[in-house]
Amino acid sequence: MYAATTSVALVGGDAREVWVEAHVGRQQEAFKLSGLPDTSVREAKDRVRAAVASSGIRFPNRTVTVNLAPADLPKAGTDYDLPIALGILAASREVPNLEPAVVVGELALDGSVRPGSSALVAGVISARRKLPALVAVESAAETASVPGAVVYGVSSLAHAVEMLRDGIDSGPPVRPKEGSSRRSSADLAEVKGQLIARRALEIAAAGRHHLLLYGPPGAGKTMLASRLPGILPPLSDPETVEVGMLWAAAGRSRGLDRLPPFRAPHHTASKAALVGGGSGIVVPGEVSLAHRGVLFLDELAEFPRGHLDTLRQPLESGSVTVARRGSSVDFPADFQLIAATNPCPCGYHGDRRRPCECRPVARARYRSRLSGPLLDRFDLIVHTARVDLEDIDDRASEPSAAVSERVRSARSRRAGRAQSGEHDFSDPLIRGALEAGRLTLRGALKVARVGRTIADLDESERVEEQHIAEAMGLRGDWVDG
Amino acid sequence: MAEHRLVTPHSSEYPVGLGDLEDPPPIYVSGHLTDATAVAVVGTRRCTRYGSDLARSFGKALGRSGWTTVSGLARGIDAAGHTGTLAAGGHAVAVLGCGIDVCYPAENRDLHQGILESVGALISEYPPGTRPDRWRFPARNRLIAAMSSAVVVVEAGEKGGALITARLAAEIGRPVLVVPGDVDRPASTGCNRLLRDGAFPVLGTDDLLEELELLIGPPPTKGTDASGSDVPDGGIGIEELPSLWECTPSEALVRLAQMEGEGLIRRSGDRILPAI
């Protein structure tokens, strides 16, 4: 009296198969669940029992043992309800032998199936194992949009049983949902003035350069940063799925949004919230939710030093390792970092109209918080000034769509070129600045990188002198003012 | 510490203007005093960048014209004025409220040193080693007022040393020139009040030079108009370049880098300044 079906789990950003085994024995009535279930999984027992009863099917009054294998992998979430129920019913011969299928779904007490957070993961496993997937009707289209997945929607436990009796493939599979090509609601056309900062944002988008904006409060730093996803190229199919799964692992659904994610954690966020953690099941943090998108840290200098240090690994390797006793989990965390900061604690140092309230010592201390390795990560450090109302040009600013077009073409140029870490500093401007001590070697490297991107934006194969010059002109610095 | 000497009111080196004080004190001097006509540039320590840009521009213009710039070496306007004068290779005299070997405030160390290394001078009525006590600073302002032939106030709040200097100057018959400011901006309240009380308004660097010529006579050396660079004397923010030069941001950045490469401009944080 044994049956098994396939379900799924997320480990890090990785989809894994989980086998739901059910055994109905001859001993007295009991319901045991093993395989490291967390509380949400353990509660499946009650939901399954009620849902089975509501569906007019007899729940075996014997010893029911359910194991989620591999038994040493911690499980979480409510999506095991449906596979557990089907497994038990098959083991007690209430339904015919289970055809191999990937099954996910939460059960309501009336027997209906609710969409859970594993919709995308089920699609990935379905495609990988060439198995049909049974998921809640509401999330079937999302699951089906994973390339290669064959998906059938079920509305209730009874419906699922019926499908198994008639053969899963008796009906047509669900058609994939088109990935939404939604535009960012924030458009660059709304940003007035800030011509230099806009240009910097475009270059950052084209070259995936990390960007630091600094300037007084109200200079539009956040406004600019939040418009970056709108000018980035949309996510590809596999990227959309990858990002969606990471979000699912954090218990969030973003569907199949092709707009690159934008995450803006507050500076009071905990380390675990930033890089991932949590007790029991390890949940990805903001750096992973921003994977393939933008991580925006406003008030960068207000973030505790230790928190900023944890960003160094993902910035270097594009992934983050969350270590737990006995195990560690890797999450992808390949994000573009945009940060904003005031120039001093009061924010007005260098403002044309308002005096700075800070004592010089306080200002120096504030600035020193951002020294060293983190600052080195920013290829672009750009000052944004407050725009005076009377200086605002009434002409419409360029909309995101136009900028996005240039970024896309620059990106494809960049992709078509062999990436080399080599940069030569033979350009007379770079050489001159190096010799005059206006540029450090590291600074020269940044100028060369940014210059390459500017050439891409200019549709130029070679990096010409004016490209380097523009990069030099844009080279901000955070030291004094 | 550089050498210093005590200069008494009977010495030929003693600044003539100080004789107008009721009690001309002997002063400690480090550096060079000249008999060039002096102009004080003073203002609040908590200035805006607008104020410090203007003060720097004034200091530079005075330096170029051969006038001595007198100030108190406080942070803010005082420091900016002297920075401009030094940049122009002019003569800067700082009147300290502490011993001339005491560098206060500490962040002006470079300026302190810069004046000593230039043709300028540090002076104080207090012996070397005197700590910077609060009460000494207003007293030092009477020296600033007296040794200058005119006093320029760039930004001044409701109260503060700059206003004291201006009043003392007016009392002994020195013209007071003041930069007008927004009526609702605290950093300009004192300035506007001085204007209401009859001070001369200053409407820019060129205007300052013209007015000084009328009030205290022609400058020792006719200033060469060195504003050949395309950046205003007081400096400009990088964001303002495209509209100043009427070009695209890319073109502005390219031109900026080229000018920097040719040594025509220099940067200070996000500010673009003419190089001198």
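Residues numbered from 1 in each chain as written. Chains lettered and ligands numbered in written order. Predicted model: local features only at pLDDT ≥ 70, side-chain atom pairs only at ≥ 80, totals over all residues.

Visitor: Before we go on, may I ask you to explain the overall build of chain B in this structure?
Guide: Each helix and strand in chain B was counted, giving nine helices and twelve strands. Taking 19 Å as the expected radius of gyration for a compact globule of 276 residues, we find that chain B reaches 19 Å, a close match to that expectation. Within chain B, the proportion of its 276 residues that are buried is 54%. Put simply, of all contacts in chain B between residues at least 6 apart along the chain, 71% involve residues at least 24 apart. (Helix = DSSP H or I, 4+ residues; strand = E, 2+ residues; numbered from the N terminus. Rg over C-alpha atoms; globule rule 2.2 N^0.38 Å. Buried ≥ 20, exposed ≤ 12 C-beta atoms within 10 Å, placed from the backbone. Contact = placed C-beta atoms within 7 Å.)

Visitor: Even after reading the chapter, I still don't get the interface of chain B and chain A, so can you show me in this structure?
Guide: Many authors give the size of an interface as the accessible area that is lost as the parts come together. Between chain B and chain A, the contact holds 24 residues from the first and 26 residues from the second. Of all elements in the fold, only α1 (49-65) and α9 (249-261) of chain B reach the threshold of two or more residues within the side of chain B that touches chain A. A per-class count over the side of chain B that touches chain A returns ten nonpolar, seven polar and seven charged. (Nonpolar A, V, L, I, M, F, W, Y, C, P; charged D, E, K, R; others polar.)

Visitor: Could you clarify how one ought to interpret the nonpolar core in this entry?
Guide: Note on soluble globular proteins: their nonpolar side chains tend to be buried together. Residues and elements named next belong to chain A. With 156 residues, the main nonpolar core has A22, A85, I88, V121, A200, M245 and L380 as its most contacted residues. Sort the elements by how many residues they give to this core and helix α7 (residues 195-207) lands first, with nine residues. If we skip the residues at most four places from it in the chain, A200 touches L211, L380, V382 and L474. (Core = buried A, V, L, I, M, F, W, Y, C linked by C-beta atoms within 7 Å.)

Visitor: Any chance you could explain the pairing of strand β6 (residues 121-124) of chain B here in plain terms?
Guide: The side chains of a regular strand alternate, first on one face of the sheet and then on the other. Residue and element names in this part refer to chain B. Here β6 shows two buried faces, one formed by A121 and I123 and the other by L122 and S124. Bridging between strand β2 (residues 27-31) and β6 involves four bridges; their strand directions are antiparallel. Paired with V29 across the bridge in β6 is I123. Two elements, strand β5 (residues 91-95) and β6, share three bridges in a ladder whose sense is parallel. Pairing of A94 across the sheet is with L122, part of β6. Considered for its hand, the β-α-β crossover made up of β5, helix α3 (residues 109-117) and β6 is right-handed. (Pairing = 2+ DSSP bridges. Right-handed = clockwise from strand over helix to strand, strands pointing away.)

Visitor: Help me understand helix α2 (residues 44-54) of chain A in this model?
Guide: Every α-helix carries 3.6 residues per turn, so stepping three or four residues along brings you back to the same face. Residues and elements named next belong to chain A. For α2, the set of buried residues is A44, V48, A51 and V52. Angular distribution of buried residues about the axis of α2 spans 100 degrees; they occupy a single face of the element. Of the residues one or two after α2, G56 is the one with positive phi, at around 75 degrees. (Arc of directions from axis to C-beta.)

Visitor: I keep staring at the environment of W67 of chain B and nothing clicks. Help me out?
Guide: Residues and elements named next belong to chain B. Its place among the elements puts W67 in the loop between α1 and β4 (68-71). Remark: the alpha-carbon pair of W67 and D23, spanning 44 residues in sequence, is separated by 26 Å. With sequence-adjacent residues up to four places away left out, W67 is seen in contact with A36, T37, A38, V39, L62, P219 and P220.

Visitor: Would you take a moment to explain the environment of L163 of chain B for this structure?
Guide: All names here are of chain B. With respect to the element layout, L163 can be found in helix α5 (residues 161-171). Taking C-alpha positions, L163 is 13 Å from I77, a pair spaced 86 residues apart along the chain. In contact with L163, not counting residues within four places along its chain, are A156 and G190.

Visitor: Before we go on, may I ask you to explain the pairing of strand β4 (residues 63-69) of chain A in this structure?
Guide: Residues and elements named next belong to chain A. Alternating positions in β4 separate cleanly, V64, V66 and L68 being buried on one face and T63, T65, N67 and A69 remaining unburied on the opposite face. Pairing of strand β2 (residues 14-24) with β4, which is carried by six bridges, proceeds in the antiparallel orientation. Its bridge partner being in β4, A22 is matched across the sheet by V66. Pairing analysis gives five bridges linking strand β3 (residues 30-34) to β4, with the strands arranged parallel. Opposite F31, over in β4, you have V64 as the bridge partner.

Visitor: Just to check I follow, could you spell out α7 of chain A for this structure?
Guide: The terminal C-alpha atoms of α7 of chain A lie 18 Å apart, and with 13 residues this matches the ideal 18 Å at 1.5 Å per residue to within 8%. With 13 of 13 residues buried, α7 of chain A is to be regarded as a mostly interior element. (Expected span 1.5 Å × (residues − 1).)

Visitor: Got a minute to help me understand the domain arrangement of chain A in this structure?
Guide: Residue and element names in this part refer to chain A. Domain annotation for chain A reports domain 1 (2-170), domain 2 (188-397) and domain 3 (417-481). The straight-line distance from the C-alpha centre of domain 1 to that of domain 2 is 40 Å. Each side of the interface is counted separately: domain 1 has 17 residues, and domain 2 has 20 residues. Mapped onto the side of domain 1 that touches domain 2, the elements with two or more residues apiece are β1 (2-11) and α4 (119-129). Of the residues forming the side of domain 1 that touches domain 2, the biggest block, three residues, is contributed by α4. Broken down by class, the residue content of the side of domain 1 that touches domain 2 amounts to ten nonpolar, five polar and two charged. (Domains from an automatic or database assignment.)

Visitor: It is not clear to me how unusual backbone geometry should be interpreted in this structure. Could you clarify?
Guide: Where the residue is not glycine, phi is negative for most of them; where a peptide bond is considered, it is trans in most cases. The omega torsion across A69 of chain A and P70 of chain A is 0 degrees, close enough to zero to call that bond cis. Note on placement: P70 of chain A falls in the loop between β4 and α3 (81-91). Following Y104 of chain B, the chain continues into P105 of chain B via a peptide bond in cis, with omega recorded as -10 degrees. If you trace the backbone, P105 of chain B turns up in the loop between β5 and α3. You will see that R208 of chain A, though not glycine, has its phi angle at about 55 degrees, which is positive. Mapped onto the fold, R208 of chain A is located in the loop between α7 and β10 (211-214).

Visitor: It is not clear to me how the sheet that holds β4 of chain B should be interpreted in this structure. Could you clarify?
Guide: Strand pairing in a sheet takes place through backbone hydrogen bonds and is either antiparallel or parallel in direction. Residue and element names in this part refer to chain B. The strand order across the open sheet formed by nine strands is β1-β2-β6-β5-β4-β3-β7-β8-β9, and the pairing between neighbours is mixed. A strand with exactly one partner marks an edge of an open sheet, and here the two such strands are β1 (5-7) and β9 (200-201). Along the sheet face, α1 touches β3 (38-42), β4, β5 and β7 (150-153) and points at about 170 degrees away from the line of β3. On top of the sheet, α3 reaches β2, β5 and β6; it is set at about 80 degrees to β2, its chief contact. (Axes fitted to C-alpha atoms, helices over the stretch in contact; angles between N-to-C directions.)

Visitor: How should I be thinking about the packing of helix α19 (residues 441-457) of chain A against helix α20 (residues 465-474) of chain A in this particular structure?
Guide: Packed helices, taken two at a time, are described by their axes: the angle between them and the distance between them. Residue and element names in this part refer to chain A. One way to put it is that α19 packs onto α20 with a least axis distance of 8 Å and a crossing angle of 125 degrees. The pairing of α19 with α20 is recorded here as oblique in orientation. You can see that α19 and α20 cross each other, and the crossing is right-handed. Residues V447, V450, G451, I454 and A455 of α19 form the contact with α20, whose own contacting residues are H467, I468, E470, A471, M472 and L474. Tallied by class, residues from the contact of α19 with α20 come to eight nonpolar, two polar and one charged. (Parallel < 35°, antiparallel > 145°, perpendicular 65-115°, else oblique. Left-handed = near helix turned anticlockwise from the far one by under 90°.)

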